[in-house]
Amino acid sequence: PSVVRYLKDGSVETGWDALAHAESDPRNTVYSAKRLLARGRSELKTLPVLPYEIVDAPGGVAIRTVQGDKSPVEVSAEILKTLAKRAETQLGGELTGAVITVPAYFDDAQRQATKDAARLANLSVLRLLNEPTAAALAYGLDNGAEGVYLVYDLGGGTFDISVIDIANVDGDKQFEVLSTNGDTFLGGEDFDQRLVEYLISEFKKDTGIDLSTDVLALQRLKDAAEKAKIELSSRQETEINLP
């Protein structure tokens, strides 16, 4: 999970370790930072309710934490640091550079913010690769495939789609992106949010109590909604039972 938690003692947790404390420490557990890169408050109106506090900052917004205000670039850098350590452990050596994937519709400011995050993580960026192109390569479309493909990447926070023309030119595969589009505010987290909103409305009907301003309740509902969503991938129905 692309989640970062800031602790009082100055240390940082990432991934599953951070996510495990999302309910007990929601104000300092940050997710969806990628959506915030190089974006001002006016551009974030469609964001779901977040348990942490977003404040205005030079060049965009920042997240208020127990360690002070953290920019989305700084949060992203923590995730990249973790990935770099994992890669070095797996590959058995120091990384000399990295190719980083970004949504195809990321603008210049968002791409620059991604590079800034990599620099903070002490990574040399060899290239930024559009995520649908990366998906096509990962799927093996560079091996023997030719023609026009529609490739989509639906992640936790973003949706990205590209029309790619793959041709064999003198024995080399050439990828040409014919068209691309996407939505910075469409992903698994938005499916979770729809379920949360449904749960809040049903609970209000039954009890008259509005949970939408209760930060702790919202985080518990989000965790339950995500688990329910995952269960509904393989089942027709699921039950959510929260005291």
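Rules of the game
Residues numbered from 1 in each chain as written. Predicted model: local features only at pLDDT ≥ 70, side-chain atom pairs only at ≥ 80, totals over all residues. Heavy atoms only, no water. Pairing = 2+ DSSP bridges. Helix = DSSP H or I, 4+ residues; strand = E, 2+ residues; numbered from the N terminus. Axes fitted to C-alpha atoms, helices over the stretch in contact; angles between N-to-C directions. Contact = heavy atoms within 4.5 Å. Buried < 20%, exposed > 50% of the residue type's maximum accessible area, 1.4 Å probe, protein only. Phe/Tyr/Trp six-rings, centres within 6.5 Å; stacked < 30°, edge-to-face > 60°. Lys NZ or Arg CZ within 6 Å of the ring centre and 35° of its normal. Salt bridge = Lys/Arg side-chain N within 4 Å of Asp/Glu carboxyl O.

Peer 1: Is there a simple way to explain the sheet that holds strand β4 (residues 53-57) in this structure?
Peer 2: On the basis of which strands lie adjacent, the open sheet formed by 3 strands has the order β4-β5-β6 and antiparallel pairing. What marks the edges here is a single partner per strand, and that holds for β4 and β6 (68-70). For this sheet, the mean angle separating the axes of adjacent strands, direction not counted, is 45°. When β4 meets strand β5 (residues 60-65), the two strands line up antiparallel, connected through 5 bridges. Bridge pairing in β5 places Val55 opposite Ala62.

Peer 1: Teacher, can you tell me more about the side chain of Asn130 here?
Peer 2: As for its position among the elements, Asn130 is in strand β8 (residues 125-130). Contact partners of Asn130, with chain neighbours within four places excluded, come to Val102, Pro103, Ala104 and Arg111.

Peer 1: For this particular structure, what's the right way to read the pairing of β5?
Peer 2: Looking down a regular strand, the side chains alternate between one sheet face and the other. With 5 of 6 residues buried, β5 is to be regarded as a mostly interior element. In this structure, the hairpin formed by β4 and β5 is closed by a connection of 2 residues, where Gly59 is found at a positive phi of approximately 80°. Across 3 bridges, β5 lies against β6 in antiparallel orientation. Residue Thr65 lies in a different strand from β6, and its bridge partner there is Gly68. Linking β5 back to β6 in an antiparallel pair, the connection comprises 2 residues.

Peer 1: Honestly, the environment of Val61 in this entry has me stumped. Any pointers?
Peer 2: Summarising the element assignment, Val61 is placed in strand β5. Here Val61 falls in the buried class, since its relative accessible area comes to 4%. The spatial distance from the C-alpha of Val61 to the C-alpha of Asp9 is 24 Å, given a sequence separation of 52 residues. In contact with Val61, other than residues within four places in its own chain, are Leu36, Arg39, Gly40, Arg41, Leu44, Ile54, Val55, Asp56, Ser71 and Pro72.

Peer 1: Just checking my understanding: could you explain the packing of aromatic side chains for this structure?
Peer 2: Remark: the centre distance and the inter-plane angle together describe each pair of aromatic rings, the angle taken between the planes. Summed over the entire model, instances satisfying the criterion amount to 3 aromatic pairs. For the ring pair Tyr105 and Phe106, a centre distance of 6.4 Å and an interplane angle of 85° mean the geometry is edge-to-face. Look at Tyr152 and Phe159: their rings are 6.2 Å apart centre to centre, the planes differ by 40°, and that puts the pair in the tilted class. Using a relative accessible area of 55% as the deciding quantity, one classes Tyr152 as exposed. Here the guanidinium or amino end of Lys222 rests over the ring plane of Tyr31, the centre of that ring lying 4.7 Å away.

Peer 1: Sorry if this is basic, but what is going on with the pattern of salt bridges here?
Peer 2: Side chains that differ in charge, positive against negative, can pair when their charged atoms come close. If you walk through the whole model with that rule in mind, you get 15 salt bridges. Where Arg5 meets Asp25, a salt bridge forms, and the shortest distance between an N and an O atom there is 3.0 Å. Here Arg5, found in strand β1 (residues 4-6), pairs with Asp25, found in the loop between α1 (15-19) and β3 (29-30); they are 20 residues apart in sequence, far enough to count as distant. An identical accessibility class is assigned to Arg5 and Asp25; each is buried. With its nearest N and O atoms 2.9 Å apart, the salt bridge here joins Asp107 to Arg39. Taken as a pair, Asp107 in the loop between β7 (98-102) and α4 (108-120) and Arg39 in the loop between α2 (33-36) and β4 lie far apart in primary sequence, 68 residues in all.

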